[in-house]
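Fold and contact review
Read off the chains here:
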Amino acid sequence: MSDSHSPEQSPIYWFDDPSHVPADVADWLMEMGSMTRRFEKQGVTVTVKPQNECFVSRDELGESEAQQLPESARYWIREIVLFGDAEPWLLGRTVIPEETLTGPDLALVDLGTVPLGRYLFSGNNLTRDYIHLGQLQSEQGDLWARRSRLRLSDKPLLLTEVFLPDSPLHRPQNEVGQ
Ligand SMILES: C=C(O[C@@H]1C=C(C(=O)O)C=C[C@H]1O)C(=O)O
């Protein structure tokens, strides 16, 4: 995943002008509700497999990631693969400044296989500053991606999502109700 502290990951190219993104793709990438819930509406069971969860220092973040978040002594990283039934549909990377992990939001370090969206969209204190659209060039082809800065009670966290070839976004004929 771009900006990952794992150097073998290729970077995501973030678009300055997303107007050329096809409308059916933009409809997915600009989803303002829970992506987990939207995937479930496809009639699949959504499961999440954490791949890496740890605290890192600011200099272990990608440069453009660090620019999106305030200074902090350390950041919680959560990297997951999200599955629709048995198919891998999405790579998720969440970066959370330690100062965001206060009160009930400390639960964010114990999510395990619970999809992040279940927590984020469970209350009424979630806002989204922006969504950036991008593309990751990978051996599986060009994969659409998005990056959101979210806020829980005004405390920031950064979420990058890369949509995998099996996801409905890349296979629109799969989308129920289209
Ligand atoms: C943020 C959401 O949760 C999904 C689950 C994630 C996780 O468990 O880490 C990460 C990315 C999301 O696609 C959502 O449902 O919108």
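Per an unreviewed UniProt entry, the protein is named Chorismate pyruvate-lyase, and its organism is Rahnella ecdela. For the protein, the Subcellular location (unreviewed entry) comment in UniProt is given as "Cytoplasm". According to the UniProt record, the Sequence similarities (unreviewed entry) comment for the protein is "Belongs to the UbiC family."

Now for the site of the ligand. Surveying the vicinity of the ligand reveals 14 residues, the closest of which are S34, T36, R78, L116 and E161. Note that an oxygen atom of the ligand is positioned 2.8 Å from one of the backbone N or O atoms of M35. Look at the ligand: alone it shows 390 Å² of surface, and the protein chains cover 99% of it. For the shell around the ligand, the elements supplying multiple residues, two or more each, are α2 (35-40), β3 (75-84), α4 (116-120) and β7 (155-163). Looking at the shell around the ligand, its residues break down into 9 nonpolar, 3 polar and 2 charged.

Analysis parameters
- Residues numbered from 1 in each chain as written.
- Predicted model: local features only at pLDDT ≥ 70, side-chain atom pairs only at ≥ 80, totals over all residues.
- Heavy atoms only, no water.
- UniProt positions renumbered as here; feature names shortened; annotations may be inferred.
- Near = heavy atom within 4 Å.
- Polar contact = N/O pair within 3.5 Å; in protein donor to acceptor, adjacent residues only side chain to side chain.
- Areas by Shrake-Rupley, 256 points an atom, 1.4 Å probe, with all protein chains shown as cover.
- Helix = DSSP H or I, 4+ residues; strand = E, 2+ residues; numbered from the N terminus.
- Nonpolar A, V, L, I, M, F, W, Y, C, P; charged D, E, K, R; others polar.

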